[in-house]
Amino acid sequence: MRRITGKAKDETLIELQDATDSQTTVGPAVLTAFRIHLHPDENNGNGVSLSEMAILPGHTETDKLQTNRDTVFFRDGVRRIDFVLSYVDDKDGEKKQERRKEFEANLEKAGLELETEDKSESKDQKTYFLKIHAPWDVLATYAEVLKIKVPFKESDIPHSQDAPLEWLSHPLRLPEHIMRPQPDYFTYPFDKKKTDFFLISDKDTFFPPSTRSRIVFYILARCPYYNEGRKDREKTGIKRLLSNGTYAAAFPLHDCRYWKRARNAECESERYNLYKNWARFLCFYKEQPLNLIRKYYGEKIGIYFAWLGFYTEMLFFAALMGVICFAYGLLSYDDNVSSKEICDANIGGSIIMCPLCDKKCPFWKLNSTCLSSWQSHLFDNEGTVFFAIFMGIWVTLFLEFWKRRQARLEYEWDLVDFEEEQLQLQIRPEFEIQCTNRRLNKITQEMEPYLPVTSKCARFCLSAATVIFWISLIVACIIGVIAYRLAVYAAFASIIKDPMRKIQLVGRFITPQLATSVTASCINFVIIMILNFFYERVAIWITDMEIPKTHLEYENKLTVKMFLFQFVNYYSSCFYVAFFKGKFVGHPGAYTYMFGNWSTLRNEECDPGGCLIELTTQLVIVMTGKQMCGNIQEALLPVMRNWWSGRKGRHHPENHYSRWEQDHVLQNFSQLGLFYEYLEMVVQFGFITLFVASFPLAPLLALFNNILEIRVDAWKFTTQFRRPVASKARNIGAWLEILNAVAVLSVVTNAFIMAFTSDMIPRMVYLYAYSEGSNMRGYVNNSLSVYNISRIPLRSMPEEHDYWFDNSTTTCRYRDYRYPPGHEREYTHTMHFWHILAAKMAFIIIMEHVVFMVKFFVAWLIPDVPSDVKARIKRERYLVQEHLHNYEVERLKMQLSASFVTEPRSETSSTME
């Protein structure tokens, strides 16, 4: 048994003596020092630790490295540490100790080599560390099982040539050894019987550390911790041992400190290179070293950063167009005739508007909304229509170009044929443990676990009912927020407009609508974050209950549940403001109420400046609030946790603070860690596409956030998180389908926002059909209907109304297109209303068809896989088959020649006898 512990002194001494015998320059003084440490009773009980042992003159650098505890090797300095388990003795120590004993014995039976660091060697004097090394035989066996692709020939396919004006991007580029940390190879799934077929120069370094840790974790996840005589299938895997506290942590090691290169030349110091060239914010304008990220963290994390970087690059064009649209609103500020009429004391000042709520709201003059009408023009202008159409095309270009980028990464990272392997090999250990039923696999002809249909249907029904319940809870909360808006609007109106209160200066800038909208948006945001906290745990629980078979299936099911919830949670308030608020108000004398005529909650009207400015307010508060909370949570909380846990790695010398201890105090990167990163970005993608017509600057805010997000995520991965187990992923999974669905829905929502929330269509209809002289003069008066004040019901009449108008005023105005009092069809919709409605429906149909036609044309025009990638894939497959064929032919020739030599000899010997 090749295992070292701090307590097994004799065995350890033999191991160390064997290691030192191979070093010709090591003298007996070193062995004496080892004996002092291992046998303190022979030296008056004063043991000397290896880290404190002096290096005697005349010894080699290898001896110095043995004293350096910041290393990724066993004590012999040869075997690499592929995984580390930590544990602490506690009250339930005997039971946990028995589990560890059985588990570690089974690991050794699987071929892994173990070495234990006693708690006396750790800084806290409490934690044991079990270091795990996978020898060549184990790596080769499981590499064949997992069908890991390894190099057999250096690629002779040239890289794409530099494009014209490539020199302009030189300031954005990283050094070549960072961008391409290893040469390109032709690869083939590893076969233990064909080791001479592959480019194996050194067995110790043939498999990179990320692959080694992936293989070891595969073994750990399936290794039982029960005796051979007892068969308890639930007692299997490191995840269960971590959950019941038998082990405190399980993680592969970082290769060095992030701020300093490793002293050992055999360590790659890739973590240092990532921190220096990627994780620092000063590198925000540089390209990402995706190949190095993939090599160090695995393809799954690499594909996330590739997608995030590409998304950020594409946001630049959307942000630029949004700024141009906003600039157009600013530059056309003085040409806004409607706002000038509203602000004019002779026009807007002479128009008395009907109360916006019952009892508490007074009659008011139109020019009191002067400021909000100017604000609305910044986002509700002719440029907004163009921007909405542009974003519908932009989102298609983004998804199509990403598919091409993804296809190129699949080829470069050897993921072209990975999907089938992933489905077959990455079966979750939880599925194997919990599914006791077995059936014959028609493909492999082997017995495999499965979940009966009855159990699957019952679990699905329970899961669906839970999701529906939580979505209903969100809808109920939104209804509660709407009720809040209706209830407090009257209070804000009475406070802000009360002439007896000394807040008239504030009242000029803050209307009751704005105060209600801002406070309701803030309350809604708090409710969103609270529901988020609870539903995340519920979604994980119900997904675990469904027992998905593969990791891919698990992530896809969780993705759908979480995004469905997030969609309703984050976007429902915006949908209410965009498509429901102000649409079902009625008119004076026949107002509609939220819960029927018996209630006092009158349906909310839009801000006098229009509903679009309220949608903008809602979008800005929810979107920026979420991004700020996310950044604070990602950047500050890890620092606070590490400060609280007493992390002091940067302040200790290397020989005092071991590599495994430095990584142990870091945060664990959970299996769902990347899931939350995707979710955050996809929710943001929904904000900048679904409602972008109301706020053209949303892509600009998203661009600034993502530039920060990339570096914050990089900083977290390199400095705050333990090194995650490398895992493969061919693409971004179910997120791509969600992005496609959001892209299609965004065309519809923006068309409806421009038609029903914006005032653009009514203005265009007036300009081209009703105005005199093809200008906007008179539009304000045309858009307001007249109502007889004497016919306002007592329940709707203001309590003190004579402050606002003299007794000669008999009518008030309201936003609608209805016949005036005295007309034979008084208070019914005019033909102008139906013309506007027809124009709105025509605009929706035309805009949707135009954008969808362009989308489908662009999708057809741009192939998902670039032609040069297709050619390279075919070329590589041809070369692989040719090389493999030549190898098999040569191998067969050697076998035939060997058999030809042995057969004549055997015949000769038999003749002589």
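The protein chain appears in an unreviewed UniProt entry as Anoctamin from Takifugu rubripes. Quoted straight from UniProt, the Sequence similarities (unreviewed entry) entry for the protein chain says "Belongs to the anoctamin family."

### As for the overall build of the protein chain
The secondary structure content of the protein chain amounts to 30 helices and 15 strands. Per-residue burial for the protein chain yields a buried fraction of 52% across its 913 residues. Here the contacts in the protein chain between residues at least 6 apart in sequence split such that 77% fall between residues at least 24 apart. Only carbon and sulfur atoms are counted for the fraction: they give 60% of the accessible area of the protein chain, which is about 43,900 Å².

### Let's talk about the nonpolar core
If you look at the biggest cluster of nonpolar residues, it comprises 130 residues, and the most contacted ones within it are W307, Y311, W394, F398 and F691. Grouped together as the second largest cluster of nonpolar side chains are 46 residues, L114, I219, L241 and Y887 included.

### Some points on unusual backbone geometry
The residue K147 is not glycine, and still its phi comes out positive at about 55°. With respect to the helices and strands, K147 occurs in the loop between α5 (136-145) and β5 (149-154). Residue K147 is classed as partly exposed on the basis of its relative accessible area, which comes to 39%. Unusually for a residue other than glycine, S269 sits at a positive phi of about 55°. On the secondary structure map, S269 appears in the loop between β7 (249-251) and α10 (270-279).

### Points about the side chain of K840
By the element assignment, K840 lies in helix α29 (residues 831-861). For the buried residue K840, which engages in no salt bridge, the nearest side chain bearing the opposite charge is D759, 6.7 Å off. Apart from the residues lying within four places of it in its own chain, the contact partners of K840 are A755, F756, I761 and P762.

### Points about the packing of α10 against helix α11 (residues 290-297)
Following both chains from N to C, one finds α10 and α11 inclined at 145°, their axes separated by 11 Å at the closest point. Handedness of the crossing formed by α10 with α11: left-handed. Facing α10, whose interface residues are E270, R271, N273, L274 and W278, α11 presents L292, I293, K295, Y296 and Y297. Grouping the constituent residues of the contact of α10 with α11 by class yields 6 nonpolar, 1 polar and 3 charged.

### Details of the packing of aromatic side chains
This structure, assessed with the given rule, holds 66 aromatic pairs. Aromatic pair Y304 and F305: ring centres 5.0 Å apart, planes at 70°, arrangement edge-to-face. Judged on exposure class, the residue Y304 and its partner F305 are both buried. We note R723 situated over the ring of Y296; from NZ or CZ to the ring centre the distance is 3.8 Å. Here the basic side chain of R795 rests over the ring of Y593, its NZ or CZ set 4.2 Å away from the ring centre.

### Considerations on the side chain of D118
Note on placement: D118 falls in the loop between β3 (113-117) and β4 (127-133). On the basis of relative accessibility, which here comes to 12%, the residue D118 falls in the buried class. Within the local environment of D118, its side chain forms a polar contact with the side chain of S120, the two groups lying 2.9 Å apart.

### With respect to the state of the cysteines
What the rule picks out here adds up to 3 disulfides. Sulfur-sulfur distance for the disulfide between C354 and C812 comes to 1.9 Å. The S-S bond linking C354 to C812 shows a torsion near 85°; that makes this disulfide right-handed. Note that C354 is positioned in the loop between β8 (352-353) and β9 (364-365) and C812 in strand β15 (residues 811-815), a separation of 458 residues in sequence. Just as C354 is buried, C812 falls in that class too. Bridging C357 to C361, the disulfide has an S-S length of 1.6 Å. In this structure the cystine formed by C357 and C361 twists about its S-S bond by roughly 100°; its chirality is therefore right-handed. Each of the two residues, C357 as well as C361, counts as buried. Here C461 is not cross-linked by a disulfide; its sulfur's nearest cysteine counterpart is in C457, at 6.5 Å.

### Describing the pattern of salt bridges
A full pass over the atoms with the stated rule returns 34 salt bridges. With its nearest N and O atoms 2.1 Å apart, the salt bridge here joins K300 to E555. With K300 in helix α12 (residues 299-331) and E555 in helix α21 (residues 551-579), this residue pair connects regions lying 255 residues apart in the sequence. With a closest N to O distance of 3.5 Å, D380 and R763 form a salt bridge. In this pair, D380 is assigned in the loop between α14 (370-379) and α15 (382-412) and R763 in helix α27 (residues 760-770), connecting sequence segments 383 residues apart. For the pair formed by D380 and R763, the shared burial category is buried. Linked by salt bridges that have partners in common, D70, R257, R659 and D663 make up one network.

### Description of a nonpolar patch on the surface
A surface patch of nonpolar side chains, amounting to about 460 Å² of accessible area, comprises L172, F281, F284, Y285 and L708. Locating F281 in the fold gives a position in the loop between α10 and α11. Look at F281 and you get partly exposed, because its relative accessible area is 44%.

Criteria and thresholds
- Every chain begins its residue count from 1, and numbering advances along the sequence as written.
- Per-residue local features of the predicted model are confined to residues with pLDDT of at least 70, and side-chain atom pairs are confined, for both listing and counting, to 80 or more; whole-chain, interface and lining totals are unaffected and use all residues.
- Values reported for side chains reflect all heavy atoms of the structure, with hydrogen atoms and water molecules removed beforehand.
- UniProt positions are given in the numbering used here, feature names are shortened, and annotations may be inferred rather than shown by experiment.
- Counting from the N terminus, the helices are the DSSP runs of H or I reaching at least four residues and the strands are the DSSP runs of E reaching at least two.
- The rule is simple: take the accessible area with a 1.4 Å probe, protein chains only, and divide by the maximum for that residue type; under 20% is buried, over 50% is exposed, in between is partly exposed.
- By the convention used here, residues are in contact when the closest approach between their heavy atoms is within 4.5 Å.
- Only the protein chains shown count as cover for residues, and all accessible areas are computed by the Shrake-Rupley method using a 1.4 Å probe.
- Residues belong to one nonpolar core when they are buried, are Ala, Val, Leu, Ile, Met, Phe, Trp, Tyr or Cys, and are joined through side-chain atoms within 4.5 Å.
- For the purpose of charge, His is not counted, nor are the chain termini; Lys and Arg are scored as positive and Asp and Glu as negative.
- Salt bridges are identified by distance alone: a Lys or Arg side-chain nitrogen within 4 Å of an Asp or Glu carboxyl oxygen.
- An axis is simply a line fitted to the C-alpha atoms; with a helix, the fit covers only the stretch in contact. Between two such axes, the angle follows the N-to-C directions and lies from 0 to 180 degrees.
- Note on convention: the crossing is left-handed when the near helix lies turned anticlockwise from the far helix by less than a right angle, right-handed when the turn is clockwise.
- Gly falls in the polar group here, along with every residue not listed as nonpolar (Ala, Val, Leu, Ile, Met, Phe, Trp, Tyr, Cys, Pro) or charged (Asp, Glu, Lys, Arg).
- Here a Phe, Tyr or Trp ring, Trp counted by its six-membered ring, pairs with any other such ring whose centre lies within 6.5 Å, and the pair is stacked when the planes are under 30 degrees apart, edge-to-face when over 60, and tilted otherwise.
- For a Lys NZ or an Arg CZ to count as sitting over a ring, it must be within 6 Å of the ring centre and within 35 degrees of the ring normal.
- Throughout this description, a polar contact denotes any pair of N or O atoms lying within 3.5 Å of each other; where both atoms belong to protein, one of them has to be capable of donating a hydrogen while the other can accept it, and for residues adjacent in sequence the pair is counted only when both atoms sit in side chains.
- What counts as a disulfide here is a pair of cysteine sulfur atoms lying within 2.5 Å.
- For patches, a residue must show more than 30% relative accessible area and have no salt bridge; joins then use 9 Å for like charges and 5 Å for nonpolar side chains, namely Val, Leu, Ile, Met, Phe, Trp and Tyr.

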